[in-house]
Amino acid sequence: MKRFTLPFRFGLVTSACLIAYFLLLALLGKHTNVFFSLFNGVITGFGIYETLKYTKLRQAARFNYTSGFQAGIITGAVATILFTFFFALYATELNPDFLRRLSETWSKDYNNFEAIVFFTVAVMGFATTIVLTLTFMQLFKTSNNPKK
């Protein structure tokens, strides 16, 4: 369980950054424009990158692809789950008008628009996590090629 402490901490910090960014957009009135959510990938990517960097420093010679991949996935999953819960809370309790305004921008024909939006937020977070973890592990993995 101790090996998951660092990724869990970074996941908490990453989710806090995602929430802060969303609230900043809400403060500026830009949170209904989904194109601003592209920056969520940058925030998540930075969190995963830092997790892998510190995991490699902490484990030194024991660091391998599996431990790095686990650390990245846990960081992204924690951040995604917490942000999705916050997003659902915000959209249903804190600002019930948010989804209506969002749906005016994107779709008028969906009956279950709330569920679709929450599902999309979660899937985008998990997809970003997997892709970025695989990408960053190419930087941090040890080479199996013999030195020439």
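Source: prediction; values computed, not measured. (Residues numbered from 1 in each chain as written. Predicted model: local features only at pLDDT ≥ 70, side-chain atom pairs only at ≥ 80, totals over all residues. Heavy atoms only, no water.)

So, on to the pattern of salt bridges. Applying the stated criterion across every chain yields a total of two salt bridges. The residue K53 makes a salt bridge to E50 at a minimum N-O spacing of 3.4 Å. Taken together, the residues K53 and E50, both in helix α2 (residues 39–59) and three residues apart, mark about one turn of the helix. Taking the shortest distance from any N to any O, the salt bridge between R100 and D97 comes out at 2.6 Å. (Salt bridge = Lys/Arg side-chain N within 4 Å of Asp/Glu carboxyl O. Helix = DSSP H or I, 4+ residues; strand = E, 2+ residues; numbered from the N terminus.)

Here we take up helix α1 (residues 5–28). With 24 residues, α1 should reach 34 Å at 1.5 Å per residue; the first-to-last C-alpha distance of 35 Å fits that figure. Taken residue by residue, α1 has L6, P7, F10, G11, T14, S15, L18, I19, Y21, F22, L25 and A26 as its buried positions. (Expected span 1.5 Å × (residues − 1). Buried < 20%, exposed > 50% of the residue type's maximum accessible area, 1.4 Å probe, protein only.)

By secondary structure assignment, the location of G72 is in helix α3 (residues 65–94). Sequence separation between G72 and L134 is 62 residues, and the spatial gap between their C-alpha atoms is 8.6 Å. Contact partners of G72, with chain neighbours within four places excluded, come to I48, L52, T129 and T133. (Contact = heavy atoms within 4.5 Å.)

Quick look at the packing of α1 against α3 now. Packing of α1 against α3 leaves a shortest axis separation of 7 Å and a crossing angle of 35°. Handedness of the α1/α3 crossing: right-handed. Residues P7, F8, F10, G11, L12, T14, S15, L18, I19, F22, L23 and A26 of α1 form the contact with α3, whose own contacting residues are A71, I74, T75, V78, A79, L82, F83, F86, F87 and Y90. Among the residues making up the contact of α1 with α3, the classes are represented as 18 nonpolar, four polar and no charged. (Axes fitted to C-alpha atoms, helices over the stretch in contact; angles between N-to-C directions. Left-handed = near helix turned anticlockwise from the far one by under 90°. Nonpolar A, V, L, I, M, F, W, Y, C, P; charged D, E, K, R; others polar.)

Grouped together as the largest cluster of nonpolar side chains are 19 residues, with contacts concentrated most on F22, F83, F87, F98, L99 and V117. Looking at this core, the elements with two or more residues in it are α1, α3, α4 (98–106) and α5 (113–140). If we ignore the near neighbours within four places in the chain, the residues touching V117 are F87, L99 and L102. Core analysis: the second largest hydrophobic core is formed by eight residues, I48, F63, M137 and F140 among them. (Core = buried A, V, L, I, M, F, W, Y, C linked by side-chain atoms within 4.5 Å.)

With 92% of its residues at a pLDDT of at least 70, the chain reaches an overall mean of 87. α1 holds the highest mean pLDDT among the elements of the chain, 95, whereas α4 holds the lowest, 75. (pLDDT = per-residue confidence, 0-100.)

By volume, the largest pocket is sized at about 680 Å³. Along the walls of the largest pocket sit 30 residues, with V34, S37, N40, V121 and M124 positioned nearest its centre. Elements supplying a minimum of two residues to the lining of the largest pocket: α1, α2, α3, α4 and α5. Per-element tally for the lining of the largest pocket: the top contributor is α5, with eight residues. When grouped by side-chain class, the residues that make up the lining of the largest pocket number 18 nonpolar, 11 polar and one charged. (1 Å grid on protein atoms, 1.4 Å probe; cavity = no way out; pocket = protein on both sides within 12 Å on 5 of 7 lines; lining within 4 Å. Points joined across faces, edges and corners; volume = space filled by probe spheres on them.)

Moving on to the environment of F119. Structurally, F119 is set in helix α5. Sequence spacing of F119 and F98 is 21 residues, and the spatial spacing of their C-alpha atoms is 16 Å.

Before going further, it helps to examine a nonpolar patch on the surface. Residues F8, L12 and L82 make up a contiguous nonpolar surface patch of roughly 240 Å² in combined accessible area. By the secondary structure assignment, F8 is in helix α1. For F8, a relative accessible area of 43% puts it in the partly exposed group. (Patch = residues over 30% accessible without salt bridge, like charges linked within 9 Å, V, L, I, M, F, W, Y side chains within 5 Å. Areas by Shrake-Rupley, 256 points an atom, 1.4 Å probe, with all protein chains shown as cover.)

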